[in-house]
Amino acid sequence: MFTKLAVRNVKRQLGNYLIYFMTVSLTVSFIFAINNVIYSPQLLQWVEEASSMKIALIGLTIFIALIVAFVLGYATAFMLKLRKREFGTYLTLGMTRKNILSIFVSETMIMCFTALGLGILLGLFIYQGLIMIMTNLMEMKFTFADYSAKGLLLTVVLVAAMFAISSMASARYLKKVSIYELIHGDQMVEKRVKHPTLWLLLTLISLCVVIGSCVMFCKQVDILLLKDASSLGSVFISLFVLAGGLILFHTAVSRSIVNLLLKRKHFCSSGSHTFVLRQLSASLRANSIMIGMIAFLMAFAVIGANASFALRANTRAVLDRDIPFDALYIEEQSDADNQYSPISVNEGEKMIEKYAKIVERLPFAFYTTGRDDLHNCTEWSGEDDLFITESDFNKICQSLGFDPVQLNQEYLVIANDAYTLQFDFSQTEIGAGGRTYRYGGISQDYPHFAYVNFYVVIPDEAVKNMETATRCVAYDLADGKYDGNRLKEELSYTVPGDDENDGPYEMCNYVLKEYNRIRSNSILAVFVVGALYIAAIFLFMAMAILALKILSTLSEDKKRYRVLYRLGADEQEQSKALFQQTFSFFFLPFAIPILLSIPTGWVCGRIMKLTGFAAQQTEVYLIAAVIALVMILIYVLYFTATYQIAKRTVIVNNQSGR
């Protein structure tokens, strides 16, 4: 009997359960998709650190499941409020609390299995979408990925655990709540906000904190990239301050804005504004902390999604800058004695030819005087200065499409990062070959082919009496991808262990662009997919809480809108008032996070510029706009569904008068 009653209740409450069911299904679909990514055979092939990535993703999924369980418990509490009178009536008719709990658990199980089935069905497509994103990020051809039984099992276990935790919270509520509270709970008088002036002051202070933390974050990023690379802690501090400011701002504004608007007599006298403000006063006051937490979740969904895609653009640009050649042979002078049997140039070229044709071979060298005249101007005092001839440097520039340099009894410092630009070399002169060379400037605009903080371009005659520090050969390979991992293995050799090392380890004198592309793209793909997963779940949960909170008060709203109808408000006026009420409640925690897309996009663009990739700024700004647009579309979807359900329930029809 209880099962039949539960099925009937689910059918009857289908409209009210729509938002809840939609959110749970979407959440389950993403959990199923990410679990299949975790156990995907392709992940083992694509990602070199697949085992550590798998552990990280499993931990992330469990963490997200706990958050979802908490939100589901919160959402279930809202749903129970919709049915307080129903459960109270059951108790007065002779049912025991155990009977009611059995009905509710049966309803939960029906919702669980239905959401699980629909979520898995939708997750089949989302999983392929995630694989498509990963293959796109790794610049690989997309093929349909296999599904995993382990991924399905983990999804079932996590979903069951989520519903079990949320049901326990509901059972506790049903066990303790009184019959009077169930039947007359919707008649409780809302408390008025105390000290509205103080809350208004906190609103202004917290807004300044939010703005100040954004400014501080921007400055800390500049310091991190230009001055002090160890100031990463300050960046996180500014993010924590931003989080606290967001929560406090939305809590304070929820308790002060209505009181402020009610004092504007001209505004309140227009239409049903006073009625809407009274409606909002109760809901905003009771849910002020919740609104702050929702704003926090959405804000960091925006920041996380933007950061992940900005990292994608930055990673590609960094690869082209840091490894401009398809292959680069680097022979340190200590390798020349063949102590550890390194792969020679001729042997390496034969191995490379098995994978890709060598189109161009470009030899060059770096030299040293054994002194640290220029390094002495920096914090790296004690390291030998490295020099490259003007002709070798221009030969490389011509090969890579950069303008050559022209030196006239001077030297040019080439910095490999923005941090080096802060040091002053202008007073240092270089003596070599009986001549003195003055400072000719510093530049970060050239690609990296020396893996040091900086090196120096100097006229050819200056290196005649210098020692050769490193011999290099750059290779331009025929277009087309090859197995970079396998070639890297062939070009590596074993160095025996010593007192400082536990055992033998692998060494390689070659830098392979394809190997590093595969490695960086695979890690990046997992990171981006994980960030999108978190952002999507956070956004769905935030929107669901807002929607369910509005739907949980429909019984009270229905009575109040009936009074509004009797006071002369027609159906159109009621609909307008309900729209304003629903939109205001939805918009309050949504506005600031969406506006944060602007400074977040600007900061990401700033990072691109400071790291030498100004050309990618437009791409970063476009990504920020697309992320904001997607969030707005999800917002509109939830808002529209909530408004339509509320409208159907509370609006009094002009013809029927109900």
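Being a predicted model, the structure only gives us computed values, none of them experimental.

Digging into the overall build of the chain
Thinking step 1. For the chain, the count of helices and strands is 21 helices and 11 strands.
Thinking step 2. Considering the chain as a whole, with its 658 residues, one finds that 51% of them fall into the buried category.
Thinking step 3. Pairs at least 24 residues apart make up 82% of the contacts formed inside the chain by residues separated by at least 6 positions.
Thinking step 4. In the form shown here, the chain has an accessible surface area of approximately 31,500 Å², with 60% of it arising from carbon and sulfur atoms.

Re a nonpolar patch on the surface
Thinking step 1. There is a patch of nonpolar side chains on the surface, built from Ile62, Leu66 and Ile165 and spanning about 260 Å² of accessible area.
Thinking step 2. By secondary structure assignment, the location of Leu66 is in helix 4 (residues 50-82).

Structural notes on helix 15 (residues 390-400)
A turn of α-helix holds 3.6 residues, and therefore any two residues three or four places apart point the same way.
Thinking step 1. Taken together, the buried positions of helix 15 are occupied by Glu390, Asp392, Phe393, Asn394, Ile396 and Cys397.
Thinking step 2. Phi turns positive, to about 85°, at Gly401, one or two residues after helix 15.

Points about the environment of Met168
Thinking step 1. Counting through the fold element by element, Met168 comes out in helix 7 (residues 149-176).
Thinking step 2. Placed 63 residues apart in sequence, Met168 and Val105 show a C-alpha to C-alpha distance of 9.5 Å.

Observations concerning the packing of helix 13 (residues 288-322) against helix 21 (residues 617-650)
Thinking step 1. The N-to-C vectors of helix 13 and helix 21 enclose an angle of 145°; their axes lie 10 Å apart at closest approach. When you trace helix 13 past helix 21, the crossing you get is right-handed. Here helix 13 contributes Met298, Val302, Ala305, Asn306, Phe309, Ala310, Arg312 and Ala313 to the contact with helix 21, which in turn contributes Glu619, Val620, Ile623, Ala624, Ile627 and Met631.
Thinking step 2. Its residues assigned to classes, the contact of helix 13 with helix 21 shows 11 nonpolar, 1 polar and 2 charged.

A word on the packing of aromatic side chains
Thinking step 1. In the structure shown here, the tally under the stated rule is 29 aromatic pairs.
Thinking step 2. Arranged with centres 5.4 Å apart and planes meeting at 70°, the rings of Trp380 and Phe423 form a pair that is edge-to-face. Of the two residues, Trp380 is situated in the loop between strand 2 (358-368) and strand 3 (387-389) and Phe423 in the loop between strand 4 (410-415) and strand 5 (430-432); the sequence distance between them amounts to 43 residues. One exposure class covers both Trp380 and Phe423, and it is buried.
Thinking step 3. Site record: aromatic cluster; members linked through ring pairs are Phe579, Phe583, Phe586, Phe587, Phe590, Tyr635, Phe639 and Tyr643.

Details of the nonpolar core
Thinking step 1. One finds Met543, Phe586 and Tyr638 to be the most contacted residues of the largest nonpolar core, which totals 109 residues.
Thinking step 2. At 22 residues, helix 17 (residues 513-551) tops the list of elements feeding residues into this core.
Thinking step 3. In this structure Tyr638 touches Ile19, Met22, Thr23, Leu26, Phe540, Met543, Ala544 and Phe586, once residues within four positions along its chain are discounted.

The rules behind these values
- Counting restarts for each chain, with residues numbered from 1 along the sequence as it is written.
- Where local features are concerned, this predicted model is filtered to residues with pLDDT of at least 70; where side-chain atom pairs are given and counted, the filter is 80 or more; whole-chain, interface and lining totals use all residues.
- Excluded from the side-chain calculation are hydrogens and water; included are all heavy atoms of the structure.
- In this text, helices come from DSSP runs of H or I with a minimum length of four residues, and strands from runs of E with a minimum of two, each type numbered from the N-terminal end.
- A 1.4 Å probe rolled over the protein chains alone gives each residue an accessible area, and that area as a share of the maximum for its type sets the label: buried under 20%, exposed over 50%, partly exposed in between.
- The contact definition used throughout considers only heavy atoms, calling two residues in contact when any of these lie within 4.5 Å.
- Only the protein chains shown count as cover for residues, and all accessible areas are computed by the Shrake-Rupley method using a 1.4 Å probe.
- Here the term patch refers to residues with relative accessible area over 30% and no salt bridge, with like charges joined within 9 Å and nonpolar side chains (Val, Leu, Ile, Met, Phe, Trp, Tyr) within 5 Å.
- Salt bridges, as used here, are contacts in which a Lys or Arg side-chain nitrogen is within 4 Å of a carboxyl oxygen on Asp or Glu.
- The axes used here are C-alpha line fits, helices contributing only the stretch in contact, and every angle between their N-to-C directions lies in the interval 0 to 180 degrees.
- The handedness criterion is simple: a crossing whose near helix is rotated anticlockwise from the far helix by less than a right angle is left-handed, and one whose near helix is rotated clockwise is right-handed.
- Amino acids outside the nonpolar list (Ala, Val, Leu, Ile, Met, Phe, Trp, Tyr, Cys, Pro) and the charged list (Asp, Glu, Lys, Arg) are all regarded as polar, and Gly is one of them.
- The rule is short: rings of Phe, Tyr and Trp, with Trp giving its six-membered ring, pair when the centres are within 6.5 Å, and they are stacked under 30 degrees, edge-to-face over 60, tilted in between.
- Buried Ala, Val, Leu, Ile, Met, Phe, Trp, Tyr and Cys residues that are joined via side-chain atoms within 4.5 Å together make up what is termed a nonpolar core.

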